[in-house]
Amino acid sequence: MINLGEPFAQVFRLRETGPVVRVVGSLVAGLEDGPRVCDHPGGQEAIRLELTPLGAYRLFAVPMRELTNMVFELRDVLGPGADELVERMSATRDWAQRFDLLDAALLARLDRGPDPSPEVAQAWRLLTRSAGTIPVARIAAEVGWSHGHLIRRFTHQVGLTPKMSARVLRFHRSVELLSHRWRDLSELATTCGFYDQAHLNREFRALADVTPAEMATARRVEGAHEL
C-alpha cells in the first residue's frame with residue numbers, strides 16, 4: 001500500500017492478544033491465514049498493489065514466510081529508497097506520473113530479484129488452476145519432489161504451506177461465487193471443494209471471522225455485483 005494521504009490508525013489481527021501495529025505510512029502486508037482489521041481515519045489517498053506470492057518473492061527478495069501474517073512499513077522491506085519514492089509520488093498530483101514513478105521503481109527492483117524455482121512455480125499454478133482442490137501429494141508427484149521438500153521450498157517462496165494456500169484459495173473462490181449471488185450454500189460448498197456446508201461455515205469463521213451469509217451481505221453493501 002503506497003500511502004499518499006492519512007496513515008492507518010491501527011492494524012491488527014482478530015483474536016490475537018499481541019500489540020497493535022501502528023503504521024505511520026506506506027505498508028507491506030504478507031499473506032494471511034486469518035482475518036486482519038485496518039482502521040483508517042478517513043480521507044485515504046493511496047495506491048494498493050496486489051502481488052502474486054511469487055511476484056512478491058522476486059520484488060522483496062526475502063523469504064516470504066518472514067512476511068506471513070505480518071505488516072511492515074514499506075521502508076523496512078524495500079529499504080530507505082522507499083521513503084524517497086513515496087515523497088516523489090506525493091509531490092506530484094498527476095496520477096499518470098505517479099504510476100510511471102512506481103512502475104520504474106518496481107521494474108528496476110524486479111530485475112535484481114531472485115527467480116522462483118520452476119517446481120514452486122508449477123506447484124503454485126496447479127494450486128491456483130484447481131482453486132485449491134488438488135491434493136498436496138499429487139502436487140509433490142507432479143513436480144518430482146518429496147512431500148517435505150515441497151513444503152519447505154514452497155513456504156520459503158510463497159509464504160504459506162501448500163495446504164494452507166489451498167484453504168485460502170478455496171475460500172477466495174467461494175467469496176467470488178457469493179459475490180455473484182450464489183444462494184445454495186450446500187451446492188457452493190461442494191463446488192468449491194469443501195466437505196459439506198458445515199466445513200464451509202467453519203472455514204469462513206477461521207479465515208474471515210464471518211459466516212458465508214454475512215460475507216455475502218457485506219459484499220453487496222460494498223458494491224460487489226453479478227457480472
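Residues numbered from 1 in each chain as written. Predicted model: local features only at pLDDT ≥ 70, side-chain atom pairs only at ≥ 80, totals over all residues. Heavy atoms only, no water.

1. Some details on helix α7 (residues 147-158)
Using the following cut-off: Going along the chain from the N terminus, every DSSP run of H or I of four or more residues is numbered as a helix, and every run of E of two or more is numbered as a strand. Here the expected span of a helix is defined as 1.5 Å times the quantity of residues minus one. Pairs of residues are marked as contacts when any of their non-hydrogen atoms sit within 4.5 Å.
Here α7 spans 16 Å end to end across 12 residues, near enough to the 16 Å set by a 1.5 Å rise per residue. If you follow the buried residues of α7, they end up packed against α1 (53-60), α5 (118-129), α6 (136-143) and α8 (162-179). Directly beyond the C-terminal end of α7, a positive phi value near 115° is found at G159.

2. Structural notes on the pattern of salt bridges
Pairs may arise between side chains of opposite charge once their charged atoms sit close together. Note the following rule: Any carboxyl oxygen of Asp or Glu that lies within 4 Å of a side-chain nitrogen of Lys or Arg is treated as forming a salt bridge with it. Relative accessibility under 20% of the residue-type maximum defines a buried residue, over 50% an exposed one, and the middle range a partly exposed one, all with a 1.4 Å probe and only protein chains included.
In this structure the tally under the stated criterion is eight salt bridges. A salt bridge links E32 to R36; the nearest nitrogen and oxygen atoms lie 2.4 Å apart. Judged by its relative accessible area of 19%, E32 falls in the buried class. The closest approach of N and O atoms between D115 and R58, which form a salt bridge, is 3.8 Å. Of this pair, D115 sits in the loop between α4 (95-112) and α5 while R58 sits in helix α1, and the two are 57 residues apart along the sequence. Assessed through its relative accessible area of 28%, R58 is described here as partly exposed.

3. Digging into unusual backbone geometry
As a rule of thumb, non-glycine residues mostly have phi less than zero, and peptide bonds are mostly trans rather than cis. Even without being glycine, A61 reaches a positive phi, approximately 55°. Counting through the fold element by element, A61 comes out in the loop between α1 and β6 (71-73). Residues other than glycine seldom take positive phi values, yet A131 does so here, at roughly 55°. Among the structural elements, A131 can be located in the loop between α5 and α6. The class of A131 is buried, set by a relative accessible area of 14%.

4. Quick word on the side chain of T68
This is how it is decided: For the purposes of these results, a polar contact is taken to be a pair of N or O atoms within 3.5 Å, where, inside protein, one atom must be able to donate a hydrogen and its partner to accept one; residues adjacent in sequence count only when each atom of the pair is a side-chain atom.
With respect to the helices and strands, T68 occurs in the loop between α1 and β6. Looking at T68, the relative accessible area reads 15%, which means it is buried. A distance of 3.3 Å separates a polar atom in the side chain of T68 from the backbone oxygen of M64. The residues touching T68, leaving out its near neighbours within four places in the chain, are L31, G159 and L160.

5. Notes on the packing of α5 against α8
The condition that has to hold: Lines fitted to C-alpha atoms define the axes, with helix axes restricted to the stretch in contact, and inter-axis angles between N-to-C directions lie between 0 and 180 degrees. Every angle not falling under 35 degrees, over 145, or within 65 to 115 is termed oblique; those three ranges are roughly parallel, roughly antiparallel and roughly perpendicular. Two helices that cross are described as forming a left-handed crossing if the nearer one is turned anticlockwise from the farther one by less than a right angle, and a right-handed crossing if clockwise. Polar here means any residue other than Ala, Val, Leu, Ile, Met, Phe, Trp, Tyr, Cys and Pro, which are nonpolar, and Asp, Glu, Lys and Arg, which are charged; Gly is therefore polar.
In contact at an axis separation of 10 Å, α5 and α8 are set at 30° when each is read in the N-to-C sense. Put simply, α5 runs roughly parallel to α8. For the crossing formed where α5 meets α8, the hand is right-handed. Residues W124, L127 and T128 of α5 form the contact with α8, whose participating residues are P162, S165, A166 and L169. Of the residues belonging to the contact of α5 with α8, the class tally is five nonpolar, two polar and no charged.

6. Observations concerning the environment of L78
Following the sequence through the fold, L78 ends up in helix α2 (residues 74-78). Between the C-alpha atom of L78 and that of F60, which follows or precedes it by 18 residues, the distance is 6.5 Å. With near-sequence residues (within four places) excluded, L78 lies in contact with L59, F60 and R109.

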